[in-house]
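Remarks on the overall topology
Listed below, chain by chain, are the residues.
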Amino acid sequence: MTTATTTARARGRRRSAGPLFVAPFMVLFLLLFLAPLGYAGYLSLFQERLIGGTAFVGLDNYVQALGDPQFLHGVGRVALFFVIQVPVMLLLALLFALALDSGLLRLARVIRLGIFVPYAVPSVVATLMWGYLYGPDFGPFAQLSRKLSLPVPDFLSDGWMLGSLANIVTWEFVGYNMIILYAALRTIPQELYEAASMDGAGAWRTAWSVKLPALRPAILLTLLFSVIGSFQLFNEPSLLMKIAPDVISSSYTANLYAYSLAFTGQQVNYAATVSFLLGLVIVGASYAVLLTANRRRTP
């Protein structure tokens, strides 16, 4: 066997190894993502009727959903939630990451772990915990206000609810985003810091001119994750609805509305339509974020 033949066979084995490594992911992606998505799209084209059973209605469900005030208000509410909550969360995550990377903090590992720990708490547990803290009767904030003869803050009222939800989500995900940004900071070449130091740049100037530009891809990544998470808001309002049913309805968010349609109203086809439209909204919002970031990057 010649050397050329051996080399050719080795190359052939390497080429065939790639698809084999990718195959498990592709199978799971097909079964757990594309197949359910296709089935939801299929269901959205039908409608369950009292007379005649299931009937093909084409895009009628989509026309109905686009004029459904409950769906539109749910999407608008999570859009407002995104505008308010995400900048605060990412700003806090960025400040924590820069502080940890500065090397000026004592017990930096303990602080980093403490900031990240809330992300390890399941969202259900976190919501129940904050629901108790928000309680107007037995919550610690209410008890402290009474002892100080101050008005009891009603965190579960209509005017406060969106802010209360934003606080829970921020508490949960600041640490997660901080870890992403901190990891990106640790990959910045040391030569850039040395060059900035030689130019006389201080700590603030280095953070502004070196660290922040290098963090743009990581910030964009966290922003995209936040877009997806915000429009899929479900666990927090679903649990708080049990203690504030007059404020949080079954259509408070679009995701909660789709769930209520499917499992409470038994309107599976219309729920599939709402879910499909919500997916399109998330895709559109994500594309808008990417387009905006690319335009700012282009000179």
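**A look at the packing of aromatic side chains**
In total, this model carries 18 aromatic pairs according to the counting rule given. Seen from their ring centres, Phe29 and Phe33 are 5.1 Å apart, and the 25° between their planes marks the pair as stacked. Residue Phe29 and its partner Phe33 are located together in helix α1 (residues 3-43), separated by four residues, close to a single helical turn. Relative accessible area serves as the criterion here: at 30%, Phe29 is assigned to the partly exposed category. Taking relative accessible area as the criterion, Phe33 reaches 43% and is therefore assigned partly exposed. Plain terms: the ring middles of Phe155 and Trp160 are 5.2 Å apart, the flat faces sit at 90° to each other, and that makes the pair edge-to-face.

**So, the nonpolar core**
Note on soluble globular proteins: their nonpolar side chains tend to be buried together. Counting 65 residues, the largest nonpolar core has Met161 and Ile248 as its most contacted members. If we ignore the near neighbours within four places in the chain, the residues touching Met161 are Phe155, Leu156, Leu240, Ala244, Val247, Ile248 and Tyr252.

**Details of helix α7 (residues 161-186)**
With 26 residues, α7 extends 38 Å from end C-alpha to end C-alpha; this agrees with the ideal 38 Å at 1.5 Å per step. Of all the bends in α7, the largest measures some 40° and sits at Phe173.

**A closer look at the side chain of Ser286**
With respect to the helices and strands, the residue Ser286 is situated in helix α13 (residues 268-297). A residue is classified by how much of its surface remains accessible, and Ser286, at 14% relative accessible area, is buried. The contact partners of Ser286, leaving out residues within four places of it in the chain, are Leu224, Val227 and Ile228.

**Side note on the pattern of salt bridges**
Here the structure, examined in full by the defined rule, presents two salt bridges. The closest approach of N and O atoms between Asp101 and Arg186, which form a salt bridge, is 3.1 Å. Taken as a pair, Asp101 in helix α3 (residues 69-102) and Arg186 in helix α7 lie far apart in primary sequence, 85 residues in all. Assessed through its relative accessible area of 53%, Arg186 is described here as exposed. Between Lys211 and Asp101 there is a salt bridge, with its nearest N and O atoms 2.9 Å apart. A residue pair is termed long-range when its members are at least 10 positions apart, and Lys211 in helix α9 (residues 203-214) and Asp101 in helix α3 qualify at 110 residues. The residues Lys211 and Asp101 share a single accessibility class, namely buried. Among the ionic contacts, a cluster of salt bridges with common partners joins Asp101, Arg186 and Lys211.

**Comments concerning the confidence of the model for the protein**
Considering every residue of the protein, the mean pLDDT works out to 86; 92% of them sit at 70 or more. When pLDDT is averaged over each helix and strand of the protein, the minimum, 76, is found for α1 and the maximum, 93, for α7.

Conventions and cut-offs
- Residues numbered from 1 in each chain as written.
- Predicted model: local features only at pLDDT ≥ 70, side-chain atom pairs only at ≥ 80, totals over all residues.
- Heavy atoms only, no water.
- Phe/Tyr/Trp six-rings, centres within 6.5 Å; stacked < 30°, edge-to-face > 60°.
- Helix = DSSP H or I, 4+ residues; strand = E, 2+ residues; numbered from the N terminus.
- Buried < 20%, exposed > 50% of the residue type's maximum accessible area, 1.4 Å probe, protein only.
- Core = buried A, V, L, I, M, F, W, Y, C linked by side-chain atoms within 4.5 Å.
- Contact = heavy atoms within 4.5 Å.
- Expected span 1.5 Å × (residues − 1).
- Bend = angle between axes of the 7 residues up to and from the residue.
- Salt bridge = Lys/Arg side-chain N within 4 Å of Asp/Glu carboxyl O.
- pLDDT = per-residue confidence, 0-100.

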